[in-house]
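# Remarks on the overall topology
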Amino acid sequence: MGMTMTQKILAKHAGLDAVEAGQLIEARLDLVLGNDITTPVAITEFDKAGLTQVFDKDKIAIILDHYTPCKDIKAAQLCAQARAFAQRFDITHFYDVGQMGVEHALVPEKGLAAPGEVIIGADSHTCTYGALGAFSTGVGSTDMAAGMATGLCWFKVPPAIKVTLKGKRKPYVSGKDVVLHLIGEISVDGGLYQSLEFAGEGVAALTMDDRFTISNMAIEAGAKNGIFPVDDKTRAYLDGRVDRPWEAVEPDADAVYDREVVIDLSSLRPTVALPHLPSNTRTVDEAAGIPIQQVVIGSCTNGRLKDLQESADILKGKKVARGVRCIVIPATQQIYMDALAQGLIQTFIEAGCAVSTPTCGPCLGGHMGVLADGERAVSTTNRNFVGRMGPVSSEIILASPAVAAASAITGCITDPAKV
């Protein structure tokens, strides 16, 4: 019986010839990741267990991004705890204010993820690196602590859903629209503890940023991970970033999938997710006219350079609507500098946007854009649960950068082709 991409990676890292869905394995880790919220919990467990060393200081990454720059005293204390741990063990990949970025944008940018690797992170959106052909998944802080000490983690091998992409995208249709459409079709638990394995000739039509967005939101379908095959676009992205050997995997011709979902990219329209689930999807035409008070463009889902370019193209020469706050957050320092060099930051400021240093901030209702009672935001983030960005009476509509930018101009949900 053949194996999927995920099963091949897990088998190799477990030192086995083959694995099958449901099998329990212990796998070797290539990277253990934490942030300013989850790392302190892991450190507490690490010390409580009496652990005195890490398995490899080069294979641990700690990125202070959720509440940083620190929003209050508690956030500052958590960051201080993470800094002390990183100093104690001389952690190579420690990123603080001024060097940090939103973790799931920074890790691939810095070449810390590569095809065929096994990566765990104490953050649910660690599944992002499947865009590079890696097996990456979120874990709890206790697993992070054990992983930092041993370089190992237990897994139950997931079954898989094959997502076959065909056709080419129309203008203003991005990876965000693809993944929202997918979640709307299979539901928020449609991929529960399964691997979403993307395939088909439509993969070539997606940029790397599109793939990062899609893999990032695999967890919003309940999936264990989302993974793409490695192609020329992947290799071009890795060139100059990853200097260690890596090995791409392909699924066997007789790999077993629980089901197949086929998406014709040419039939998709810009798509949004209305409150309060990522699966509550509508096309932009069906949601057009819903009034908003805030727009957020950024996050680990859509804060990359391509996202900022698409937003700036729409906002250039226009103004954010009166009564609307538009917050733009480049996901890393490098993306910020590239956006500066291209004039994108000036475009945003001239349009009336607020531009922030890299942070997760508003996505989890942390800072830099918390909503008030009854307010509604269009956001390029990944979750629109009750109370996610403010009080329980507030609402979040998930959308692509293009839809978010267009909506900022009009003050309501708007098709980017119509501004």
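Residues numbered from 1 in each chain as written. Predicted model: local features only at pLDDT ≥ 70, side-chain atom pairs only at ≥ 80, totals over all residues. Heavy atoms only, no water.

### What about the sheet that holds strand E3 (residues 60–63)?
Put simply, the rule reads: The criterion for strand pairing is that DSSP finds at least two bridges linking the strands in question. Helix and strand definitions here come from DSSP, where helices need a minimum of 4 consecutive H or I residues and strands a minimum of 2 consecutive E residues; each element is numbered from the N-terminal end. Each axis is a line fitted through C-alpha atoms, taken for helices only over the stretch in contact, and angles between the N-to-C directions span 0 to 180 degrees.
With respect to topology, five strands assemble into an open sheet ordered E4-E3-E2-E5-E6, the strand pairing being parallel. Only two strands of the sheet have a single neighbouring strand rather than two, namely strand E4 (93–95) and strand E6 (135–138). Ignoring which end each strand starts from, the neighbouring axes of this sheet average 10 degrees apart. Note that strand E2 (residues 31–35) and strand E5 (residues 118–121) share three bridges and pair parallel. Within E5, the residue paired with Leu33 across the bridge is Gly121.

### Quick look at the pattern of salt bridges
Rules: Definition used for salt bridges: Asp or Glu carboxyl oxygen within 4 Å of a side-chain nitrogen of Lys or Arg. Any residue under 20% of the maximum accessible area for its type is buried, any over 50% is exposed, and the rest in between are partly exposed; the area is computed with a 1.4 Å probe on protein chains only.
Scanning the entire structure with this criterion turns up 20 salt bridges. For Asp72, the salt bridge is made with Lys71, and the minimal N-O distance between the two is 2.7 Å. What makes Asp72 partly exposed here is its relative accessible area of 33%. For Lys71, a relative accessible area of 36% translates into the label partly exposed. We note a salt bridge from Glu395 to Arg376, for which the minimum N-O separation is 2.9 Å. Of this pair, Glu395 sits in strand E18 (residues 395–398) while Arg376 is found in strand E17 (residues 376–379), placing the two residues 19 residues apart along the sequence. For Glu395, a relative accessible area of 25% gives the class partly exposed. When salt bridges with common partners are traced through the structure, they connect Arg169, Asp210, Lys306 and Glu310 into a single cluster.

### Description of the side chain of Glu220
Selection criterion: Pairs of N or O atoms are called polar contacts if they sit within 3.5 Å, as long as, within protein, a hydrogen donor faces a hydrogen acceptor (for residues adjacent in sequence, only side-chain-to-side-chain pairs). By definition, residues are in contact when any of their heavy atoms lie within 4.5 Å.
Summarising the element assignment, Glu220 is placed in the loop between helix H7 (208–216) and strand E10 (225–227). A distance of 3.0 Å separates the side chain of Glu220 from the side chain of His125, its partner in a polar contact. Beyond its immediate chain neighbours, meaning those up to four positions away, Glu220 contacts His125, Ile183, Val188, Pro278, Asn382 and Arg383.

### Section: the packing of aromatic side chains
Under the convention used in this document: Two aromatic rings from Phe, Tyr or Trp, using only the six-membered ring of Trp, form a pair when their centres are within 6.5 Å; if the ring planes differ by under 30 degrees the pair is stacked, by over 60 it is edge-to-face, and anything between is tilted.
All told, the structure shown has six aromatic pairs when counted by the stated rule. Judged by centre distance (4.9 Å) and plane angle (55 degrees), the ring pair of Phe85 and Phe89 falls under tilted. Judged by relative accessible area, Phe85 falls into the buried class, the value being 1%. Judged by centre distance (5.4 Å) and plane angle (90 degrees), the ring pair of Phe135 and Phe155 falls under edge-to-face. Of the two residues, Phe135 is situated in strand E6 and Phe155 in strand E7 (residues 152–156); the sequence distance between them amounts to 20 residues. The same class applies to Phe135 as to Phe155, namely buried.

### Observations regarding unusual backbone geometry
Cis rather than trans, the peptide bond between Thr68 and Pro69 has omega equal to -10 degrees. Position of Pro69 relative to the elements: it lies in the loop between E3 and helix H3 (73–88). With an omega dihedral of 0 degrees, the bond running from Pro275 to His276 counts as a cis peptide bond. Examined against the element boundaries, His276 turns out to sit in the loop between strand E12 (271–273) and strand E13 (281–283). Even without being a glycine, Ser187 presents a positive backbone phi close to 85 degrees. A positive phi angle is found at Met368, which is not glycine, with a value near 65 degrees. Within the fold, Met368 resides in the loop between strand E16 (354–355) and E17.

### Regarding the environment of Ala11
Here Ala11 shows up in helix H1 (residues 5–14). Counting along the chain gives 44 residues from Ala11 to Phe55, while the straight-line C-alpha distance between them is 21 Å. With near-sequence residues (within four places) excluded, Ala11 lies in contact with Met3, Leu16, Asp17, Ala18 and Val19.

### Quick notes on the UniProt feature "binding site: [4Fe-4S] cluster" (unreviewed entry) in the protein
Put simply, the rule reads: UniProt positions are given in the numbering used here, feature names are shortened, and annotations may be inferred rather than shown by experiment.
Here, UniProt's "binding site: [4Fe-4S] cluster" (unreviewed entry) annotation points to Cys300, Cys360 and Cys363. The largest pairwise C-alpha distance within this set of annotated residues, which runs over 64 residues, is 9.2 Å, so the set is compact in three dimensions. Along the polypeptide, Cys300 turns up in helix H10 (residues 299–302). In this structure Cys300 comes out as buried when scored by relative accessible area, which is 8%. Ignoring any residue separated from it by four or fewer positions in sequence, one finds Cys300 in contact with Val102, His104, His125, Asn216 and Asn382. In this structure Cys360 comes out as buried when scored by relative accessible area, which is 11%.

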